[in-house]
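Here's the letter readout for the chains.
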Amino acid sequence: MTAPLHLGIRAHDFGQLPLQELIFKLKRYHFPHIQLAVQKSFPGSVPALSALSPGTAAYYGEAFRQAGIRIAVLGCYVNIIDPDSGKRALALNAFSTHLRLARDFGASLVGTETGSMQMGYTPDNFTEEAFQQVVVSVKAMVEEAERFGVTVGIEAGTNHPLYTAQLAHRLLTLVPSNNLQIILDCANLMTADNYLQQDAIIAEALELLGDRIAVLHLKDFTVSDGKIIIVPAGQGQLHFAPLLHYMKYKRPHIQGILESTPEEHVQNSVDFLRRLYEEV
């Protein structure tokens, strides 16, 4: 008997809703787990990342626990390589706060991307200097995670210093702690130049990162005017079969999380992924 597909969603893809309304929607679509970026979903409770308290974590954590919904990823998407040392310190402090409070939320994984050497896209992100700054920051984050018995999840992306699976693997080698894991989003590895080689890119990512993948983000892409456009799962060109095969046979029960999926597209994406999961 094969493991079922464990499929969740980013909470803020439903927008900023009252807590009980969000829980109602999550139950309606049968999502047993979520990625929660609490400031994005509930800005009134967290006007600033520095405002997060043990009470905030306990309040939301208990509400989701009672609803039977797990927080698979506690999102804290900050710029851990900000060239302004003061801003970078604030970002790392915010991430440390999430690590400290993760257990109160009922989460064991706190996730982020690496950020950027400037605002938005910059070729500076593709330098060795940028990668080394990632290593310095992630080492500090992982040391903090080890103190609290939780895990740092780092997500790679094409415009960031971790823009390939090889670089993500290199980071894992340079920060050899099991408290560091990867959030794999293969749509984030696609560019207008490489998407036709996506089968090789996906296979390499699954091979290189293997059991260091904690969670998979599941979204899709199309290409328009030489640019990657993100769309809900099942509406684009991403080859999901190898990802679902990995989830079904290599890492049974690993959690997948829908991303960039507005509510009007949720059911179609869920049906698409579940149907393909049964077929692989």
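Refer to the structure printed above.
Within each chain, residue numbers correspond to sequence positions counted from 1 in written order. Predicted model: local features are reported for residues with pLDDT of at least 70 only, side-chain atom pairs are reported and counted for 80 or more only, and whole-chain, interface and lining totals are derived from all residues. With hydrogens and water excluded, all non-hydrogen atoms of the structure serve as input to the side-chain values.

Engineer: Would you explain the nonpolar core in this entry?
Structural biologist: Considering soluble globular proteins, one finds that nonpolar side chains tend to be buried as a cluster. We call a set of buried residues a nonpolar core when its members are Ala, Val, Leu, Ile, Met, Phe, Trp, Tyr or Cys and they connect through side-chain atoms within 4.5 Å of each other. Think of it in three bands: residues with accessible area under 20% of the maximum for their type are buried, residues over 50% are exposed, and the middle band is partly exposed, with areas taken using a 1.4 Å probe on protein chains only. F31, F64, F105, V138 and L171 are the most contacted members of the largest nonpolar core, which totals 91 residues. Two residues qualify as a contact provided that any one of their heavy atoms is within 4.5 Å of a heavy atom in the partner residue. Setting aside chain neighbours within four positions, we find F64 in contact with L19, L22, I23, L26, I34, L36, I69 and I71. Counting 6 residues, the second largest nonpolar core, distinct from the first, contains V73, L109, I183 and I257.

Engineer: Looking at this structure, how should I read the pattern of salt bridges?
Structural biologist: Opposite charge on two side chains allows them to pair when their charged atoms are near. Salt bridges are counted wherever a side-chain nitrogen of Lys or Arg sits within 4 Å of a carboxyl oxygen of Asp or Glu. All chains considered together, the criterion is met by 9 salt bridges. Ionic pairing is found between E263 and R28, a salt bridge with its closest N-O pair at 3.6 Å. With E263 in helix α9 (residues 263–279) and R28 in helix α1 (residues 19–28), this pair connects stretches of sequence that are 235 residues apart. A salt bridge links E62 to R65; the nearest nitrogen and oxygen atoms lie 3.3 Å apart. Highlighted residues: E62 and R65, both in helix α3 (residues 54–66), separated by 3 residues, approximately one helical turn. Elements are defined by DSSP. Helices are runs of H or I of four residues or more, strands are runs of E of two residues or more, and each kind is numbered from the N terminus.

Engineer: Hey, could you run me through the side chain of D220 in this one?
Structural biologist: Among the structural elements, D220 can be located in strand β8 (residues 220–224). Charge assignment in this entry is limited to Lys and Arg as positive and Asp and Glu as negative, and neither His nor the chain termini are counted. It turns out D220 is buried and unbridged, and the closest side chain with the opposite charge, K219, is 10 Å from it. Within polar-contact distance, the side chain of D220 engages the backbone nitrogen of G236 at 2.8 Å. Polar contacts here mean pairs of N or O atoms no more than 3.5 Å apart (in protein, one a potential hydrogen donor and the other a potential acceptor; neighbouring residues in sequence count only if both atoms are side-chain atoms). A distance of 2.8 Å separates a polar side-chain atom of D220 from the backbone nitrogen of L238. Those residues in contact with D220 that sit more than four places away from it in its chain are A187, I229, I230, V231, P232, A233, G234, Q235, G236, Q237, L238 and F240.

Engineer: I tried to follow the environment of G61 on my own but got confused; where do I start?
Structural biologist: Looking at where G61 falls in the secondary structure, it is placed in helix α3. A relative accessible area of 1% means that G61 is categorised as buried. Sequence separation of G61 and A37 is 24 residues, and the distance between their C-alpha atoms is 12 Å. Apart from residues no more than four positions distant in its own chain, G61 is found in contact with D104 and F105.

Engineer: For this particular structure, what's the right way to read the side chain of E259?
Structural biologist: Tracing the backbone shows E259 in the loop between β10 (255–258) and α9. With a relative accessible area of 7%, E259 lands in the buried category. A distance of 2.6 Å separates polar atoms of two side chains, one belonging to E259 and the other to H217. At 2.8 Å, the side chain of E259 and the side chain of K219 are in polar contact. Discounting chain neighbours no more than four positions away, the residues touching E259 are R10, D13, E155, D185, H217, L218 and K219.

Engineer: Honestly, unusual backbone geometry in this entry has me stumped. Any pointers?
Structural biologist: Apart from glycine, the bulk of residues carry a negative phi angle, and the bulk of peptide bonds sit in the trans form. With a phi angle near 60°, H30 is a residue other than glycine that sits in the positive phi range. In this fold, H30 is placed in the loop between α1 and β2 (33–36). Given a relative accessible area of 63%, H30 falls into the exposed group. If you check the backbone angles, S260 has positive phi at about 55° while not being a glycine. Locating S260 in the fold gives a position in the loop between β10 and α9. Taking the relative accessible area as the measure of exposure, S260 reaches 26% and is therefore partly exposed.

Engineer: Explain the packing of aromatic side chains to me, please; I cannot follow it from the model alone.
Structural biologist: When we look at a pair of aromatic rings, we describe it by the centre distance and by the angle of the planes. Ring geometry is summarised as follows: Phe, Tyr and Trp rings, the Trp one being its six-membered ring, pair when their centres sit within 6.5 Å, and such pairs are stacked at plane angles under 30 degrees, edge-to-face over 60 and tilted between the two. Under the criterion given, the structure shown has 8 aromatic pairs. Ring geometry for Y121 against F126: centres 5.9 Å apart, planes inclined by 55°, an arrangement best described as tilted. Each ring, one from Y195 and one from F221, has its centre 6.1 Å from the other, and the planes form 75°; the classification is edge-to-face. With a gap of 26 residues between them, Y195 in the loop between β6 (180–184) and α7 (198–209) and F221 in strand β8 connect regions that are remote in the sequence. With respect to burial, Y195 and F221 carry one shared label: buried.

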